[in-house]
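# Tertiary structure, described
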Amino acid sequence: MTPALAKRMISSEILKLRKKRSTMLWVLFLGAGSMVIYYAYAALDHASDPAHHGPAGGTLGFARGLQGLAILVGPLAAAMIGTEAWRWD
């Protein structure tokens, strides 16, 4: 399989999934919403006790946020998209 063929196949699947807007909106909400909640909590945690809790941003905060997204929310979003793609073949 060439990279051009793989790109065309992936693009066609995305076009097919785009018709199911409710699923795609839930996936976006899970991804972006969980990151907003994480950083809001980290900012409030830092505001309450700056000596004990580091800043919400920065390299370490970004890495922790992405790790949480990849471990907790990513598989759920992938399962939702995969189930929707499999169901409509």
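### A few points about the overall build of the chain
The helix and strand inventory of the chain stands at three helices and zero strands. Against the 2.2 N^0.38 benchmark of 12 Å for 89 residues, the chain shows a C-alpha radius of gyration of 18 Å, more extended than a compact globule. Put simply, the chain has 89 residues, and 16% of those count as buried. Considering only contacts in the chain between residues 6 or more positions apart, those separated by 24 or more positions represent 71%. Approximately 7000 Å² of the chain is accessible, and the part contributed by carbon and sulfur atoms is 72%. Of the side chains in the chain, 9 bear a positive and 5 a negative charge, and the two mean positions are spaced by 15 Å.

### Quick notes on a nonpolar patch on the surface
There is a patch of nonpolar side chains on the surface, built from Met 1, Leu 5 and Met 9 and spanning about 340 Å² of accessible area. In this fold, Met 1 is placed in the segment before helix 1 (3–18).

### Re the packing of aromatic side chains
Throughout the structure, instances matching the rule amount to two aromatic pairs. Geometrically, the ring pair formed by Trp 26 and Phe 29 is edge-to-face, given 5.7 Å between the ring centres and 85 degrees between the ring planes. Of this pair, Trp 26 and Phe 29 both sit in helix 2 (residues 21–48), three residues apart, which is roughly one turn of that helix. Judged by its relative accessible area of 52%, Trp 26 falls in the exposed class. Arranged with centres 5.1 Å apart and planes meeting at 70 degrees, the rings of Tyr 38 and Tyr 39 form a pair that is edge-to-face.

### A short note on the environment of Met 1
By relative accessible area, Met 1 is classed as exposed at 74%. Between the C-alpha atom of Met 1 and that of Tyr 41, which follows or precedes it by 40 residues, the distance is 45 Å. Those residues in contact with Met 1 that lie beyond four places of it in its chain are Ala 6 and Met 9.

### Considerations on the environment of Leu 25
You can see Leu 25 is positioned in helix 2. A relative accessible area of 56% places Leu 25 in the exposed class. Each C-alpha atom, one on Leu 25 and one on Gly 82, is 15 Å from the other, the two residues being 57 residues apart in sequence.

Calculation rules
Residues numbered from 1 in each chain as written. Predicted model: local features only at pLDDT ≥ 70, side-chain atom pairs only at ≥ 80, totals over all residues. Heavy atoms only, no water. Helix = DSSP H or I, 4+ residues; strand = E, 2+ residues; numbered from the N terminus. Rg over C-alpha atoms; globule rule 2.2 N^0.38 Å. Buried < 20%, exposed > 50% of the residue type's maximum accessible area, 1.4 Å probe, protein only. Contact = heavy atoms within 4.5 Å. Areas by Shrake-Rupley, 256 points an atom, 1.4 Å probe, with all protein chains shown as cover. Lys, Arg positive; Asp, Glu negative; His and termini not counted. Charge placed at Lys NZ, Arg CZ, Asp CG, Glu CD. Patch = residues over 30% accessible without salt bridge, like charges linked within 9 Å, V, L, I, M, F, W, Y side chains within 5 Å. Salt bridge = Lys/Arg side-chain N within 4 Å of Asp/Glu carboxyl O. Phe/Tyr/Trp six-rings, centres within 6.5 Å; stacked < 30°, edge-to-face > 60°.

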